[in-house]
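Spelled out from the first residue to the last, the chains are:
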Amino acid sequence: MTLPRKGFAGRVVAWQKTHGRHDLPWQNTRDPYRVWLSEVMLQQTQVATVIDYFERFVSRYPDVHGLAAASVDDVMGLWSGLGYYSRARNLHRCAVLVVERWGGAFPRDADALATLPGIGRSTAAAIASLCFGARVAILDANVRRVVTRVLGFDADLALQSNLQQLWDEATALLPRRDLQQAMPRYTQGMMDLGATVCLPRQPACDQCPVQLQCEAREQGDPQAFPVRTRKLRRSAQSVWLLWMRRDADAVWLQRRPSPGVWAGLHCMPSFDSREALEAQVAPAYRGALRDQPAFKHVLTHKDLHLHPVQIDLPRKARPSGEGQWFDAETWPQLGLPAPVRRLLGQP
Ligand code: SF4
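Here the structure is a predicted model, which means the values were calculated and not measured. (Residues numbered from 1 in each chain as written. Predicted model: local features only at pLDDT ≥ 70, side-chain atom pairs only at ≥ 80, totals over all residues. Heavy atoms only, no water.)

## Some details on the packing of helix α2 (residues 32-42) against helix α6 (residues 86-102)
Following both chains from N to C, one finds α2 and α6 inclined at 160°, their axes separated by 10 Å at the closest point. Here α6 runs roughly antiparallel to α2, going by the angle between their axes. Crossing angle aside, the handedness with which α2 passes α6 is right-handed. Contacts between α2 and α6 involve W36, L37, V40, M41 and L42 on the former and, on the latter, R87, L91, C94 and A95. (Axes fitted to C-alpha atoms, helices over the stretch in contact; angles between N-to-C directions. Helix = DSSP H or I, 4+ residues; strand = E, 2+ residues; numbered from the N terminus. Parallel < 35°, antiparallel > 145°, perpendicular 65-115°, else oblique. Left-handed = near helix turned anticlockwise from the far one by under 90°. Contact = heavy atoms within 4.5 Å.)

## Looking at the pattern of salt bridges
All told, the structure shown has 11 salt bridges when counted by the stated rule. The closest approach of N and O atoms between R21 and D192, which form a salt bridge, is 2.8 Å. Of the two residues, R21 sits in the loop between α1 (8-19) and α2 while D192 sits in helix α11 (residues 179-196), which places them 171 residues apart along the sequence. In this structure, R246 engages D247 in a salt bridge whose closest nitrogen and oxygen atoms are separated by 3.7 Å. For R246, a relative accessible area of 15% gives the class buried. Given a relative accessible area of 40%, D247 falls into the partly exposed group. One network of salt bridges, with partners in common, ties together R245, R290 and D312. (Salt bridge = Lys/Arg side-chain N within 4 Å of Asp/Glu carboxyl O. Buried < 20%, exposed > 50% of the residue type's maximum accessible area, 1.4 Å probe, protein only.)

## Observations concerning the nonpolar core
With 91 residues, the main nonpolar core has W36, F57 and Y186 as its most contacted residues. Broken down by element, the residue count for this core peaks at eight residues, all from helix α8 (residues 121-132). Not counting chain neighbours up to four residues away, the residues in contact with W36 comprise L67, L91, C94, A95, F106, I119 and I127. Among the nonpolar cores identified, the runner-up in size contains 14 residues, and W240, M244, L313 and W325 belong to it. (Core = buried A, V, L, I, M, F, W, Y, C linked by side-chain atoms within 4.5 Å.)

## Considerations on the site of the ligand
Around the ligand, the surrounding shell consists of R149, V150, V197, C198, P203, C205, C208, Q211, C214, R217 and P222. Per-class residue counts for the shell around the ligand are eight nonpolar, one polar and two charged. (Near = heavy atom within 4 Å. Nonpolar A, V, L, I, M, F, W, Y, C, P; charged D, E, K, R; others polar.)

In structure tokens form, the structure reads like this:
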């Protein structure tokens, strides 16, 4: 038996008013710049981590014009440590396009927003509904979990056709009246439900405003949803980092190729083996190479085993290959992978 859906949206809206989150720095605004920035930052990152970055970004670039006028390196530098660096590159490209194409005003329509770099269907819907009251459904990972549980939607979301069906059903649940007020509240409410009540493990169903309309709860096993068969295949890679220093505080860094791991960020020259690293160093200096403790850095799909090898070079030495010296004043401003920033920050 299918549970009735009547009143669903209204319950989410009312619950958001009294129990939802209201204090995040990107809330209580309909400014699409701030909403867009937070949505992109939140795509693969926890709220607690995003808050600091968000505040630093809006203080350095208070609006889309400021961000568009910044250099990519400056943006990457400020993004450093937040991970998934393609988001930072897209953020900058998107800002430039919004200024060039729309004079700095974000389009109000979700389909137009979704044509911009780094804005997928769900992010576009979040901006359009939160800022402009558009009647469009979001389906980020948290909301997908809430919706599949409420509907008892057990089709495999690894299949595009099933995902499309879920979008259709999520759209049918949306408010139908007073959209300017209801849509921002509803979208925020679904996000809040996914983040604070309908948790992946041990959802707090007894605190949930839609518990009487939830198929998964009725069936007694909310954790069975969502269904998705495709598993991430993890791999491992060992990387040797040639950490060249000069005058105690200067370090040789090169920009990483794109696409690839850490694309566009600055890093020490990297190699697949200790032998390949050694071959890059002039024979006269090889005896001065010092192996530093290896460590693991975890990426989404891959474990990187990093082996830093340090060497202090005399002033006259000119490393071969791409790159340049950066002194202690300049390297902290660059976009650097988090483990490289940590390494360089060591005394
Ligand atoms: Fe999630 Fe439980 Fe609410 Fe259903 S009743 S939406 S499973 S928290």
